[in-house]
Amino acid sequence: MKDDILILGIESSCDETAAAVVKNGRTVLSNVISSQIELHKLYGGVVPEIASRKHIEKVNQVIESSLEEADVTLNDIDAIAVTYGPGLVGALLVGVAEAKAISYATNKPLVGVHHIEGHVSANYIEHPDLEPPFLCLIVSGGHTHLVMVKDYGKYQIIGRTRDDAAGEAFDKVARAIGLGYPGGPKIDKLSKEGNSKAITFPQGHIADAPYDFSFSGVKSAVLNHINSCKMKGIQINSADIAASFQESVVDVLAKRTVLAAKNLGVSKIALAGGVASNQGLRAKMDKVCQKNNFSLYYPSPIFCTDNAAMIGAAGYYEFINGTRHGLDLNAIPNLKIGQR
Ligand code: KG4
Ligand code: ZN
């Protein structure tokens, strides 16, 4: 029996068509991503129908490249792991149908992976020392969750957003100050030129839910600030708005995460999702974790935003834990964390 386990990961839940080959859950042999950002930019956000069509065009090509880059063939692969939710249903279906076809044709096991569990598992790729239990702050375009990773594949939700996801707030604020889509990286960059104390934006508090988040208030406050400047004929300072908005969001994310870690008695904290590549968030978390003696982990930016290596990593742990899906696997747009 060969010792190494190779997983082919496939991801198509939103606007990235991605495939990767991952060895033993931690070593990335290839990580191919075909991004549709340029296409959706024209519309200021992801257009689901266009996303699905583009996934169909790209998926075979991306998988072939991932095998080539890893210098393997489908024969060498032990299982096919695919994101089956949450996400855009049409987009997810492309990856799921492709994975099922490969599984059927090669007679290799099929493992459905939860997209968010994939984001969490991105941390295993570059941190061989990271093992559960740990607390993970997942901040992406569609999700904001504080999750206790009790073991591989075992998650407990500690907190979540009540309205907008953190990335969604970044994207909406970016659009309001004319930065375009996707706004997160642009706000991150512009923030460096602004004063984060110039404007005090609110931080949403939810009564009796100390670990929950709310970002619709800060987003509305930014829009109100812009409108009020316009009405008074004052030129808006986009860099100050970006810096002050980012400070408000990363501060509340850091505060809630540290509070949860202290109360749960956890000493390891990981960040995941597109917003985890935000430099303000990383710097703030570095600072508070150092102060509180917590170990902090975060993936490189390429593994923060959507990719298939994270699906291969999560898929590996599902595979060795015995998770197998049949050819009746369906895309579940609102798949819950921990749901199988
Ligand atoms: O994880 P991801 O690629 O897709 C989802 O699963 O949602 O996250 C995309 C989100 C977008 O909202 C994007 O604006 C945000 O992550 N993002 C950032 C940064 N890079 C990406 N937000 C803030 N700062 C960044 N550097
Ligand atoms: Zn994602």
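Residues numbered from 1 in each chain as written. Chains lettered and ligands numbered in written order. Predicted model: local features only at pLDDT ≥ 70, side-chain atom pairs only at ≥ 80, totals over all residues. Heavy atoms only, no water.

- The name an unreviewed UniProt entry gives the protein is tRNA N6-adenosine threonylcarbamoyltransferase, with [Clostridium] polysaccharolyticum as the organism.
- Taken verbatim from the UniProt record of the protein, the Catalytic activity (unreviewed entry) comment is "L-threonylcarbamoyladenylate + adenosine(37) in tRNA = N(6)-L-threonylcarbamoyladenosine(37) in tRNA + AMP + H(+)". (UniProt positions renumbered as here; feature names shortened; annotations may be inferred.)

Overview of the coordination of the zinc ion (ligand 2)
Move 1: With distances of 2.0 to 2.1 Å, the protein atoms coordinating the zinc ion (ligand 2) are His-115 (NE2), His-119 (NE2) and Asp-306 (OD).
Move 2: Each of the four donor atoms around the zinc ion (ligand 2) contributes to a set of angles spanning 96 to 134°, which defines the coordination as tetrahedral.
Move 3: One chain supplies every donor for the zinc ion (ligand 2), spaced along it as H-x3-H-x186-D. Here His-115, found in helix α4 (residues 115-126), pairs with Asp-306, found in the loop between α10 (301-304) and α11 (309-320); they are 191 residues apart in sequence, far enough to count as distant. (Donors = N, O, S within 2.8 Å, 3.2 Å for Na, K, Ca; no water. Tetrahedral: all angles 85-135°; square planar, octahedral: opposite > 155°, others 65-115°. Helix = DSSP H or I, 4+ residues; strand = E, 2+ residues; numbered from the N terminus.)

Brief notes about the pattern of salt bridges
Side chains that carry opposite charge are capable of pairing whenever their charged atoms lie near each other.
Move 1: Scanning the model with the defined rule gives ten salt bridges in all.
Move 2: Of the charged contacts, one joins Arg-53 and Glu-49 as a salt bridge, the two residues approaching to 3.0 Å between their closest N and O atoms. Note that Arg-53 and Glu-49 are positioned in helix α2 (residues 48-70) at a spacing of four residues, about one turn of the helix.
Move 3: Taking relative accessible area as the criterion, Arg-53 reaches 55% and is therefore assigned exposed.
Move 4: Take Glu-49: its relative accessible area is 48%, and that puts it in the partly exposed class.
Move 5: Between Arg-162 and Asp-212 there is a salt bridge whose closest N-O contact spans 2.6 Å. Here Arg-162, found in the loop between β8 (154-160) and α5 (166-176), pairs with Asp-212, found in the loop between α6 (183-191) and α7 (216-232); they are 50 residues apart in sequence, far enough to count as distant.
Move 6: On the accessibility criterion, Asp-212 (9% relative accessible area) is buried.
Move 7: Connected through salt bridges with shared partners, the residues Asp-164, Glu-168, Lys-172 and Lys-219 form a single ionic network. (Salt bridge = Lys/Arg side-chain N within 4 Å of Asp/Glu carboxyl O. Buried < 20%, exposed > 50% of the residue type's maximum accessible area, 1.4 Å probe, protein only.)

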